[in-house]
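# Descriptive structure summary
For reference, the chains in residue letters:
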Amino acid sequence: MIKFINNIGDYFSSNYFDEDFGKKVSDKSGYSNEDLKVFQKRISGVKEKYFRFKQTLLEGKLRIRDKINETHRFHTEVLNAFGYDGDRVEYRELFHVDDKTVLPIRHTLYRGDQPHLMIMEMQALIKEGDEEPDGLFEQRYNVEDEETQTPPQKYHRSQWSDLFTVPEGFKISPIVINKVVSQLFLLDPHRRPRYILLCAGNMYYLLEQEKWFRGSYLEFDLESLFDEASIKKEYFSLFYLLLSKEMLAPQAEIVLMEQLDEDSHKSAYEVTQDLKEGVVHAVEAIANEAVYYWKQQGHPLEEIDAKDLKNDCLNYVYRLLFLFYAESREDLDILPANDETYLKGYSLEMLRDLEQVPLITASSQNGYFFHESLKRLF
C-alpha cells in the first residue's frame, strides 16, 4: 500500500485507493511514460534540497522566525517543481475576511472569476527532539492574549513579519490553522476556494471544500515519499500528478482531481451493489445451514419463523461486516489488529485463510470450528 499518502476519512473510497491507485491516476492523466519520467525528475530534484533544509532546521540553532523563513524558501522550491510560480507571493495584501480580520494566503488561483485553489503555509512539521510538532489542528498563526509578551512566542504573528505584516487596525482571525481552513470554505461562493493546498515543510495537505467538513483530506509525507520512491520511482510522478498546477488548477476545463473523485464515487457505488448481493447470498447460505442443522437434530421445521430466522442471519452477517471493516482499519484502534495472538487465534483474516483449505474428512466437513471461533470472537 502507498504509505506517503494518508487517505484520511476516505477522501477516496477505500477500494479505489488501493495498490493500483498510482496506475489509475497516471492512466487518467493521459500522459505518456516519457512525460511521467519528466515529472519524476522534477520531484526527485527536490530530495537533496529537502534534506539540506531539514538539516538546517535541526542543526542550525535557528530562531523560530528564521525557521519560518527557511520553510518559506523551501516551499518555493516545492511549488516551482509543481509548476506554480513559487517566487510570486501575494502576502503584500493579506486576504480580507471582513472589515476587521485578514488571513495570510500565499497564492490564489482562479478558474474564470471564481477562486479555485488557495495555497497556504504553516510551520514545518519536522520533529525536533522528543516532542511531536503541533499539527494541522493545533498549530496557529498568532496568540492573541500574548500580543505584548517578550520575547515573542512561536505562534506570535511577529514571527512571520519577514513574510507578511498585519495592517494597523486588523487582526488575523481565526488563528488556529484548521479553523482558518473552515473559515475560508464557509465564505460566500464567489470568494470560496474549491481546494486549499497547505504546505508544512515536510508535510502537504490537500483539502477540498465539501470533503473537509466530512473530516476527509489527503496528507502527503515528503520524507516517506523519498523512501518509497527509491524503489518505486513512479511515486514521484504520482505526487506531481495529484498536486501540480497543470493537474490541480489547469487552464483547461478538465481538473484531474475532479475526475479521480468521480471515478472513486463510481467505484464505491459498484462495491455497494456487490456488497448488497453478497449480503443476500450470505443470509441465504446461513439460513439454509440453520434449517439443515435443525432438521438433523430433529427440530420441527414448521416451528421455524422465517422472519426471525432472516433477522438473526442478518445480525450475524452485519457482525461479520463490522469486524472485517474494523480489522482492515488499524487506525480506528477498535481491535488489536497488530497482536499476534489475535491475528493467529481469533481474527477473521485467519478464518478466511482457513476457508481456502480443502475439507476432506467427514469430521472436518461436518465440524463446528468456524462456528465456535466466530462465537468466541463475537
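For the structure, see preceding data.
As a starting point, this report considers the structure included with it. (Residues numbered from 1 in each chain as written. Predicted model: local features only at pLDDT ≥ 70, side-chain atom pairs only at ≥ 80, totals over all residues. Heavy atoms only, no water.)

### Overview of the packing of helix 1 (residues 21-29) against helix 8 (residues 234-243)
Two elements in contact, helix 1 and helix 8, have axes separated by 10 Å at closest approach and are oriented at 55 degrees. With respect to each other, helix 1 and helix 8 are oriented oblique. The two elements helix 1 and helix 8 meet at a crossing, and its hand is left-handed. Contact with helix 1, carried on its side by F21, G22, V25, S26 and S29, involves L238, L241 and L242 of helix 8 and no other residues of that element. Grouping the constituent residues of the contact of helix 1 with helix 8 by class yields five nonpolar, three polar and no charged. (Axes fitted to C-alpha atoms, helices over the stretch in contact; angles between N-to-C directions. Helix = DSSP H or I, 4+ residues; strand = E, 2+ residues; numbered from the N terminus. Parallel < 35°, antiparallel > 145°, perpendicular 65-115°, else oblique. Left-handed = near helix turned anticlockwise from the far one by under 90°. Contact = heavy atoms within 4.5 Å. Nonpolar A, V, L, I, M, F, W, Y, C, P; charged D, E, K, R; others polar.)

### Some words on the packing of aromatic side chains
Going through the model one piece at a time under the given rule, you end up with 30 aromatic pairs. Plain terms: the ring middles of Y204 and F239 are 6.5 Å apart, the flat faces sit at 70 degrees to each other, and that makes the pair edge-to-face. One end of the pair, Y204, is in strand 8 (residues 203-208); the other, F239, is in helix 8, and 35 residues separate them in sequence. With a centroid separation of 6.1 Å and 85 degrees between ring planes, the pair formed by Y293 and Y368 is classed as edge-to-face. Taken together, the residues span a long stretch of sequence, with Y293 in helix 10 (residues 256-296) and Y368 in the loop between helix 14 (362-365) and helix 15 (369-377) at a distance of 75 residues. Judged by its relative accessible area of 38%, Y293 falls in the partly exposed class. (Phe/Tyr/Trp six-rings, centres within 6.5 Å; stacked < 30°, edge-to-face > 60°. Buried < 20%, exposed > 50% of the residue type's maximum accessible area, 1.4 Å probe, protein only.)

### Here's the deal with the nonpolar core
I5, F21, F220 and L242 are the most contacted members of the largest nonpolar core, which has 53 residues in total. Considering every element that reaches this core, the biggest residue donor is helix 8, with eight residues. If we skip the residues at most four places from it in the chain, L242 touches I5, F21, V25, L206, F220, L248, M257 and L260. (Core = buried A, V, L, I, M, F, W, Y, C linked by side-chain atoms within 4.5 Å.)

### Describing a nonpolar patch on the surface
Judged by side-chain polarity, F322, Y325, L332 and I334 come together as a nonpolar surface patch covering roughly 380 Å² of accessible area. Inspection of the secondary structure assignment puts I334 in the loop between helix 11 (306-328) and helix 12 (340-345). Given a relative accessible area of 45%, I334 falls into the partly exposed group. (Patch = residues over 30% accessible without salt bridge, like charges linked within 9 Å, V, L, I, M, F, W, Y side chains within 5 Å. Areas by Shrake-Rupley, 256 points an atom, 1.4 Å probe, with all protein chains shown as cover. Salt bridge = Lys/Arg side-chain N within 4 Å of Asp/Glu carboxyl O.)

### A closer look at the environment of N33
Along the chain, N33 turns up in helix 2 (residues 33-44). In this structure N33 comes out as exposed when scored by relative accessible area, which is 58%. Once the C-alpha coordinates of N33 and E234 are considered, the two residues, 201 residues apart in sequence, prove to be 9.7 Å apart.

### Focus: the sheet that holds strand 3 (residues 101-103)
An order of 2-3-6 is seen for the three strands of this open sheet, with the pairing classed as mixed. Because the sheet does not close on itself, it has two edges, and the strands there are strand 2 (95-96) and strand 6 (171-172). As defined by bridge partners, strand 2 adjoins strand 3 across two bridges and the pair is classed as antiparallel. Paired with F95 across the bridge in strand 3 is L103. (Pairing = 2+ DSSP bridges.)

### Details of the pattern of salt bridges
One pass over the full model with this rule turns up 22 salt bridges. Its salt-bridge partner being E34, residue K37 comes within 3.7 Å of it at the nearest N-O pair. You can see K37 and its partner E34 sitting in helix 2, three residues apart, about one turn around the helix. One salt bridge in this structure joins R352 and E349, with 2.8 Å as the shortest N-O distance. Of this pair, R352 and E349 are both found in helix 13 (residues 348-355), three residues apart, which corresponds to roughly one turn of the helix.

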